[in-house]
Amino acid sequence: MSSSFFLYLQHKDQKETSWGECELSFRLAYIFSYNLFQFCGHTWILANSIARFLTFGRDALADTFYSVGFVMSLCQLLSILELFHIADRIEKARLLPRFIQVLEKNLLLIMIIMLEELQSKPVVCAQFFLWNVMDLLRYPHELLCLLDKPSVAMLWTRYTLWIPVYILSAATEGVTIYQALPYAEPTAANSKPLNSTVSAHVHLPVLLMLYLPFLALGASVTVWQLLKERQHHLEKWKKMKRK
């Protein structure tokens, strides 16, 4: 009786272990596929933008959004999943800075989609370029970590070089919003007949102006969090090298 009971417990433990390994394998396959998709998507966007610029020169800046806007929108929309990755502990990262980054990018992208006159501005091309550089600094490091082949060069790139690029990107976002103000006026005026009650209280240019201080505040908090994250990962790497 006791031997059969122990055999039952052993079989149950083996099933639980097998189920846990399957779940871990699925999570690993999912997060690897996600990071690989983002890496390939941003690589295509950057390669397409550079090829068009080398072929057509400055004329290529005007139609950057039309050539890569769909793929960029898809990548940024899917980046919302990263918040769930961190919350579910599939990815080890700080939630607050990632939330601010995802929110900033998607709000700005929605504004660019709404204001067609802004889409042909060179600042949009610069913004897309910086977003691509940021993501191409991050996703290769994530892929190498998933493969258990971390690189000190990629670690430094991810947590050191990434910060000034983010600061430059946040500044470019502010410039993009400022350049959008003249185009937001006609949009707000055209929307008044549709919903006069809302338009009376919500004026798009005013909202954009009010958003600028929040953008600066969010960027400051993100940089502070990123510096702490950088210190943590570099100290962790130094401890690993000592062992």
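Look up: the structure comes first, before these words.
Just so it is clear, the structure is predicted and the values come from calculations on it, not from any experiment. (Residues numbered from 1 in each chain as written. Predicted model: local features only at pLDDT ≥ 70, side-chain atom pairs only at ≥ 80, totals over all residues. Heavy atoms only, no water.)

A. Highlighting the overall build of the protein chain. Counting its secondary structure elements, the protein chain contains eight helices and zero strands. Reading the protein chain from its N terminus to its C terminus gives the helix and strand order α-α-α-α-α-α-α-α. When burial is assessed residue by residue, the protein chain has 38% of its 243 residues classed as buried. Within the protein chain, contacts between residues separated by at least 24 positions form 76% of all contacts whose residues are at least 6 apart in sequence. Here the protein chain has roughly 14,700 Å² of accessible surface; of this, 69% comes from carbon and sulfur atoms. (Helix = DSSP H or I, 4+ residues; strand = E, 2+ residues; numbered from the N terminus. Buried < 20%, exposed > 50% of the residue type's maximum accessible area, 1.4 Å probe, protein only. Contact = heavy atoms within 4.5 Å. Areas by Shrake-Rupley, 256 points an atom, 1.4 Å probe, with all protein chains shown as cover.)

B. Here's a closer look at the nonpolar core. Of all hydrophobic cores here, the largest spans 32 residues; its most connected members are Met111, Phe128 and Tyr166. Breaking this core down by element, the ones donating at least two residues are helix H2 (64-78), helix H4 (95-114), helix H5 (122-146), helix H6 (152-191) and helix H8 (204-242). By residue number, the principal contributor to this core is H6, which donates nine residues. If we ignore the near neighbours within four places in the chain, the residues touching Phe128 are Thr64, Phe65, Val68, Gly69, Met72, Leu109 and Ile112. (Core = buried A, V, L, I, M, F, W, Y, C linked by side-chain atoms within 4.5 Å.)

C. Spatial organisation of a nonpolar patch on the surface. Residues Phe26, Tyr30, Leu77, Ile80, Leu81 and Phe84 make up a contiguous nonpolar surface patch of about 600 Å² in total accessible area. Every element with two or more residues in the nonpolar patch is listed here: helix H1 (2-56) and helix H3 (81-87). Relative to the assigned elements, Leu77 resides in helix H2. (Patch = residues over 30% accessible without salt bridge, like charges linked within 9 Å, V, L, I, M, F, W, Y side chains within 5 Å. Salt bridge = Lys/Arg side-chain N within 4 Å of Asp/Glu carboxyl O.)

D. A look at the environment of Gln38. Here Gln38 lies in helix H1. Residues Gln38 and Cys75, 37 residues apart in the sequence, show an inter-C-alpha distance of 6.3 Å. Aside from chain neighbours lying at most four places away, what touches Gln38 is Cys75, Leu78, Ser79, Glu82 and Tyr139.

E. Here's a closer look at unusual backbone geometry. Positive phi is not limited to glycine here, since Arg89 has a value of about 65 degrees. With respect to the helices and strands, Arg89 occurs in the loop between H3 and H4. Judged by relative accessible area, which is 74%, Arg89 ranks as exposed.

F. View of the packing of aromatic side chains. According to the stated counting rule, one finds five aromatic pairs in the structure shown. With 6.5 Å between their ring centres and 75 degrees between their planes, Tyr34 and Tyr139 make a pair best called edge-to-face. One end of the pair, Tyr34, is in helix H1; the other, Tyr139, is in helix H5, and 105 residues separate them in sequence. Both residues of the pair, Tyr34 and Tyr139, count as buried. Ring centres 5.8 Å apart and planes at 25 degrees place the aromatic pair Phe128 and Trp131 in the stacked group. Here Trp131 and Phe128 lie together in helix H5, a separation of three residues that amounts to about one turn. (Phe/Tyr/Trp six-rings, centres within 6.5 Å; stacked < 30°, edge-to-face > 60°.)

G. Molecular detail of H2. Helix length check: H2, at 15 residues, gives a terminal C-alpha distance of 21 Å against a target of 21 Å (1.5 Å per residue), a fit within 8%. At Phe70, H2 shows its largest bend, some 40 degrees. Within the span of H2, buried status applies to Thr64, Phe65, Val68, Gly69, Met72, Ser73, Cys75 and Gln76. (Expected span 1.5 Å × (residues − 1). Bend = angle between axes of the 7 residues up to and from the residue.)

H. Quick peek at the pattern of salt bridges. Summed over the entire model, instances satisfying the criterion amount to eight salt bridges. Arg138 is paired through a salt bridge with Glu82; the nearest N and O atoms lie 3.3 Å apart. Of this pair, Arg138 sits in helix H5 while Glu82 sits in helix H3, and the two are 56 residues apart along the sequence. Relative accessible area serves as the criterion here: at 4%, Arg138 is assigned to the buried category. With a relative accessible area of 1%, Glu82 lands in the buried category. Note that Asp135 is salt-bridged to Arg138, the shortest N-O span being 3.5 Å. Of this pair, Asp135 and Arg138 both sit in helix H5, separated by three residues, roughly a single helical turn.

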